[in-house]
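Each chain, letter by letter, is given below.
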Amino acid sequence: MAKPADAQTSKSGKTDKTYLWCNSCRRSFSHADAPDARCPICGQPTREMGRLAAIARGIMANELVASDLQTKHRQLIRLIWTRNGMGERYFRALAPNLPYNRFEARVTELLMRGAEEGWVRFVFPPAPSGDESAYRLEFDDDERFVRELEALFAASIEPAP
Ligand SMILES: [Zn+2]
């Protein structure tokens, strides 16, 4: 254990300043945690990189994972409220002055806010299910939803002639 590590460190200080990045685990390790430059978690060879680069990569990896989950969650919510032509029906009923895809995005945002505020509930089965009715949207307060929809599109709904 005496020879290479000590020699290297004293020569350039390099091993103090670099980290080992595992591309499959998306995280970095110190040289001490990965003695043979292999990831202590998955055993893959790691790549040496500067401390800052390793930190930046770690942050990016976390953000990518988080935003992917968030995107999927949003897609699920959109699929639930628009299925069976419901999105199109709301769109025709409200006849807002904007394209359908923007309408869909805005209603999805509204429903996500509703879920956060507690007047909308998204119900999911405990595990993925072929029974579509297991995925549903419930309103604690229908009136609230109508009011919020009206407020959201007040500016873009043509007044009745
Ligand atoms: Zn790994």
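Thresholds, definitions, all that
- Residues numbered from 1 in each chain as written.
- Predicted model: local features only at pLDDT ≥ 70, side-chain atom pairs only at ≥ 80, totals over all residues.
- Heavy atoms only, no water.
- Pairing = 2+ DSSP bridges.
- Helix = DSSP H or I, 4+ residues; strand = E, 2+ residues; numbered from the N terminus.
- Axes fitted to C-alpha atoms, helices over the stretch in contact; angles between N-to-C directions.
- Salt bridge = Lys/Arg side-chain N within 4 Å of Asp/Glu carboxyl O.
- Buried < 20%, exposed > 50% of the residue type's maximum accessible area, 1.4 Å probe, protein only.
- Polar contact = N/O pair within 3.5 Å; in protein donor to acceptor, adjacent residues only side chain to side chain.
- Contact = heavy atoms within 4.5 Å.
- Donors = N, O, S within 2.8 Å, 3.2 Å for Na, K, Ca; no water.
- Tetrahedral: all angles 85-135°; square planar, octahedral: opposite > 155°, others 65-115°.

Participant: Account for the sheet that holds strand E3 (residues 47–50), with residues named and values stated.
Facilitator: The strand order E2-E1-E3 describes an open sheet built from three strands, whose pairing is antiparallel. On the outer flanks of this sheet lie strand E2 (27–29) and E3, each paired with one strand and no other. Taking each pair of neighbouring strands and ignoring which way they run, the sheet shows an average axis angle of 45°. When strand E1 (residues 18–22) meets E2, the two strands line up antiparallel, connected through three bridges. Counterpart to leucine 20 in the pairing with E2 is phenylalanine 29.

Participant: So what's going on with the pattern of salt bridges? Residues and values would help.
Facilitator: Taken as a whole, this structure holds ten salt bridges when the rule is applied. With its nearest N and O atoms 3.3 Å apart, the salt bridge here joins glutamate 117 to arginine 113. Linking glutamate 117 with arginine 113, this pair stays in helix H5 (residues 100–117), spanning four residues, or about one helical turn. We classify arginine 113 as partly exposed; its relative accessible area is 35%. Taking the shortest distance from any N to any O, the salt bridge between glutamate 138 and arginine 136 comes out at 3.0 Å.

Participant: Report on the side chain of threonine 108, specifying residues and quantitative values.
Facilitator: By the secondary structure assignment, threonine 108 is in helix H5. Taking the relative accessible area as the measure of exposure, threonine 108 reaches 3% and is therefore buried. A polar side-chain atom of threonine 108 sits 2.8 Å from the main-chain carbonyl oxygen of glutamate 104. The residues touching threonine 108, leaving out its near neighbours within four places in the chain, are Arg74, Ile77, Arg78 and Trp81.

Participant: How would you sum up the coordination of the zinc ion? Please name residues and give values.
Facilitator: Coordination of the zinc ion by the protein is provided by Cys22 (SG), Cys25 (SG), Cys39 (SG) and Cys42 (SG), with metal-donor distances spanning 2.2 to 2.3 Å. Geometry at the zinc ion is tetrahedral, judged from the four donor atoms that bind it and their angles of 105 to 114° at the metal. All donors of the zinc ion come from a single chain, and their spacing in sequence reads C-x2-C-x13-C-x2-C. Classification of cysteine 22 by relative accessible area gives buried; the value is 0%. Since its relative accessible area comes to 27%, cysteine 25 is described here as partly exposed.

Structural measurements only, silent on function.
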